[in-house]
Structure formats: structure tokens, C-alpha cells
Amino acid sequence: MNGTVSASGKAILLGEHAVVYGRPALAIPLPQLRAVADFRQTRQALTVYAADLSHRPWQWKSDAAASPDPLVRMTALTLAHLGICAPTGEIKIRSAIPIASGLGSGAAVSAALGRGIAALCRATLANDALNVLVYEVEKLHHGRPSGIDNATVVYEQPVCFQRGQPRRAVKPTRRLDFLLADSGVPALTRESVAAVHQLLRKEPARANSLFDRIADGVVAAQARLASGDERRLGELMTANHEHLRELGVSSPLLDALVSAALQAGASGAKLSGGGRGGHIIALVEPATASAVKKALQSAGAIRVLAASLGG
Ligand code: MEV
């Protein structure tokens, strides 16, 4: 049995980092950016290839279960969940999602791999179960993940996410267009999450006040999504960037990309994801999109992608 399964990337509209500490955040899937698992039945022990991730091919052995390698851990968790001890076949992981760039590459690769293993084993793996498994592997990527990345890529729906609460679907009244600009600087989410944790330990009042201001912005943004007020939504995104800057997770290049987008007419712009590198996200109107894209390229973006929500 051969086939292909996949999972999308994601972008955070507002609320990253504060979401780790129980505040709400808004995220959208990026269906055009996918991690893919091609699976093929063979008689050999399960072998996983992931050259796109600079990962050497490896063959499943049951003693690999405790490995700190995310692909091995995802395989072990999925097989344990499905109750399969001697899987056969091969899976090739391909991913168009840049690694360590804030677009959910780790979660998408885990989700695609989990779906590939289930398909190879002719087993059913429901999204609710997959979400839990991917969250476990996210701990290796993020240290203390909120769960927003796995929830967004597994269910592939725009979401207002808050730890411990049911997921709330996000439905804007009109289509919104975004540009995602890649700074070209890889940055590990684990490190920025750890830096924010340090700040919280050293200056709890300041960090919590920033988290609360971010949360207020997320709540206001949800209302603007519902009322279709793009200008105000953009302002809330830009204010969120300032809060993230104060949390210490921006960088001069990310700040320059945000300024370039705003000067070229974007309604709002901010870093997206862990920060310190990776992507910024800009809210644009069709009339300004091409000027904003050019400005982002001139300010140093190595790639600019379009994404949309609703409509
Ligand atoms: C990463 O996409 C978002 C962070 O808030 C970490 C997390 O929520 O797990 C930085």
C-alpha cells in the first residue's frame, strides 16, 4: 500500500509567548506550506527517510523509544498509541516549511509522520489523538509548549487557543490578506521560550503585565476579526510586536522588516512565532500588497509568501 499524507504549517497572528503562560492567542494554518509523508509498504522493518530535514535514514527498533530525536519519539509514541510493535514499510518525509522559522515546521513534520505511520499500519489515528502525540514531541522542540502549534497544524483551522480551554474557531467576516517575510535567520523556539521564562523569573511583575497587555490585544483582535475592522486589527498586531520586543524576542532585522512593511502601507505587522529570527507577518490590503512585498525584500527578507484568512 502506497500513498501520501501531510500536515500544514502555521502562523501566529497575535499572542505568542504569552500563550505559554495561559493567555489566549490567534493562529492560522498555512495550507500552501506542507510537511508531507510518502509511505510505501515493504517487508523491511519501518524505515524513515527525512533528507529535507538533514536527518539520516533510520530503521525502527523498539529500544529507540526513549530517544530525544523528535522523529524517533513521534514514531515511538504513534506505534505505542496504535499498539503496533513490529511495523514494516518506509516513509519519506518532505517539507516545504522552513525549519526554525516560526511557521510550525516541527509540529507539521510530527503530524505528517504520525499520519504516515497510521496509514502504513492501516490504522485509524483521529486528530484528537494525533494532537496529543504531537504535543508530546513539541516538548522536545519548545521545552514548554503551549499547544498552539500542534492544535493549528493538526486541525488545520484558524483558532483562538488558550491552554486548558476548548479550541475556539476563528471566523472573520471578510477575507484578510497577509504577507509572511522570512528574515533568513533560523532561531530555535526553545531558546526564545527559555529567554522569556528567564525574564518571568527575574521580573515577574513586568513579564506578567506584558502578557496581560498581549492578552487584551488578542481579545480586541478577535472582536475586530468579527467586525471586519482591518485597520484596527493591524494596529493591534503592531502593538503586539512592541510587546514582544519588550519581552526581548525581536531582533534589529525583525524590527526593520516590521517598519518597512508599515511604511509601505501595511495595516499592521509583527514578528510571528518564537521570534529572534524566522518570519514577520504583515496584514495588507490588495492595493498595498505588492508595494509591501517589495519593501520587505529591500529590507532584507529572503522570501515573501502570501497567506489569507476567510473570504
Ligand atoms: C511558537 O510558535 C509559539 C510560542 O508561543 C511557543 C508556544 O506557544 O509553544 C513562542
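Residues numbered from 1 in each chain as written. Predicted model: local features only at pLDDT ≥ 70, side-chain atom pairs only at ≥ 80, totals over all residues. Heavy atoms only, no water.

Re the sheet that holds strand β10 (residues 279-284)
Judged by pairing direction, the sheet is antiparallel, and its four strands sit side by side in the order β9-β10-β8-β11 without closing on themselves. Of all the strands in the sheet, just β9 (268-272) and β11 (303-309) have a single pairing partner and so form its edges. Strand-to-strand twist of the sheet, defined as the mean angle between neighbouring strand axes without regard to direction, takes the value 25°. Here strand β8 (residues 176-182) runs beside β10; their pairing, made up of six bridges, is antiparallel. Bridge pairing links Asp182 to His279 in β10. (Pairing = 2+ DSSP bridges. Helix = DSSP H or I, 4+ residues; strand = E, 2+ residues; numbered from the N terminus. Axes fitted to C-alpha atoms, helices over the stretch in contact; angles between N-to-C directions.)

Let's talk about the site of the ligand
If you check the shell around the ligand, you find 15 residues, and the closest are Lys10, His17, His142, Ser146 and Asp149. Contact between the ligand and Lys10: an oxygen atom at 3.0 Å from a side-chain N or O atom of the residue. The side chain of Ser146 places a nitrogen or oxygen atom 2.5 Å from an oxygen atom of the ligand. Contact with the protein chains hides 99% of the accessible area of the ligand, taken as 300 Å² for the molecule alone. Elements with a minimum of two residues in the shell around the ligand: β1 (2-14), α4 (148-155) and α5 (189-202). Its residues placed into classes, the shell around the ligand shows six nonpolar, six polar and three charged. (Near = heavy atom within 4 Å. Polar contact = N/O pair within 3.5 Å; in protein donor to acceptor, adjacent residues only side chain to side chain. Areas by Shrake-Rupley, 256 points an atom, 1.4 Å probe, with all protein chains shown as cover. Nonpolar A, V, L, I, M, F, W, Y, C, P; charged D, E, K, R; others polar.)

Points about the pairing of β10
Across the six residues of β10, six count as buried, placing the element largely inside the fold. Of the two faces of β10, the one lined by His279, Ile281 and Leu283 and the one lined by Ile280, Ala282 and Val284 are each fully buried. Bridge count between β9 and β10: five bridges; the pairing is antiparallel. Paired with Leu271 across the bridge in β10 is Ile280. Hairpin connection from β9 to β10: six residues lie between these consecutive antiparallel strands, with Gly273 at a positive phi of about 100°. (Buried < 20%, exposed > 50% of the residue type's maximum accessible area, 1.4 Å probe, protein only.)

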